[in-house]
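# Secondary and tertiary structure notes
Residue-level listing of the chains:
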Amino acid sequence: MFKRVFWVATGMVLGVLAVSKATAYVRANTPDKARQFLLGPDQENVGMRTLQGLIDQFRQAQQAREEELNRQYTAKLS
């Protein structure tokens, strides 16, 4: 169990480092128009926008699944 948690955490840290290095490379070596196309107009908060998008998507999927389970449960009671 500890090994799995360790490797998952290691993978997450390496992923965050890779994305931050790639973003820094794109910022340093691309023209402004290309940077705006890749990163959007608000280039300072790309990570936060991505995280917020993931959280919103998770909540939408969670609500959809919850509604599905509620429908199934009420159908069984009827």
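The structure this text deals with has already been given above.
Predicted model only: the values in this text are computed from it and were never measured.

The helix and strand inventory of the protein chain stands at three helices and zero strands. The order of α-helices and β-strands along the protein chain, N terminus first, is α-α-α. A compact globule built from 78 residues should have a C-alpha radius of gyration of about 12 Å, whereas the protein chain, at 20 Å, is more than 25% larger. Principal-axis analysis of the C-alpha atoms gives the protein chain an extent of 65 × 35 × 15 Å. About 7,100 Å² of surface is accessible on the protein chain, with carbon and sulfur atoms providing 64% of the total.

Further remarks concern a nonpolar patch on the surface. Side chains of Phe2, Phe6 and Trp7 sit close together on the surface and give an oily, nonpolar patch of about 430 Å² of accessible area. Here Trp7 is to be found in helix H1 (residues 2-29). What makes Trp7 exposed here is its relative accessible area of 58%.

At their nearest, the axes of H1 and helix H2 (residues 32-39) sit 8 Å apart, and the two run at 150° to each other. With respect to H2, the axis of H1 lies roughly antiparallel. Contacts between H1 and H2 involve Thr23, Val26 and Arg27 from the former and Arg35, Leu38 and Leu39 from the latter.

Leftover empty space is mapped by rolling, across the atoms, a probe with the size of a water molecule. Each pocket or cavity is described by its volume, and for the largest pocket that value is around 180 Å³. Every residue lining the largest pocket is listed: Val19, Thr23, Arg27, Val46, Gly47, Thr50 and Leu51. Contributing elements (two or more residues each) for the lining of the largest pocket: H1 and helix H3 (46-77). Sort the elements by how many residues they give to the lining of the largest pocket and H3 lands first, with four residues. Partitioning the lining of the largest pocket into residue classes produces three nonpolar, three polar and one charged.

Cut-offs and rules
- Residues numbered from 1 in each chain as written.
- Predicted model: local features only at pLDDT ≥ 70, side-chain atom pairs only at ≥ 80, totals over all residues.
- Heavy atoms only, no water.
- Helix = DSSP H or I, 4+ residues; strand = E, 2+ residues; numbered from the N terminus.
- Rg over C-alpha atoms; globule rule 2.2 N^0.38 Å.
- Areas by Shrake-Rupley, 256 points an atom, 1.4 Å probe, with all protein chains shown as cover.
- Patch = residues over 30% accessible without salt bridge, like charges linked within 9 Å, V, L, I, M, F, W, Y side chains within 5 Å.
- Salt bridge = Lys/Arg side-chain N within 4 Å of Asp/Glu carboxyl O.
- Buried < 20%, exposed > 50% of the residue type's maximum accessible area, 1.4 Å probe, protein only.
- Axes fitted to C-alpha atoms, helices over the stretch in contact; angles between N-to-C directions.
- Parallel < 35°, antiparallel > 145°, perpendicular 65-115°, else oblique.
- Contact = heavy atoms within 4.5 Å.
- 1 Å grid on protein atoms, 1.4 Å probe; cavity = no way out; pocket = protein on both sides within 12 Å on 5 of 7 lines; lining within 4 Å.
- Points joined across faces, edges and corners; volume = space filled by probe spheres on them.
- Nonpolar A, V, L, I, M, F, W, Y, C, P; charged D, E, K, R; others polar.

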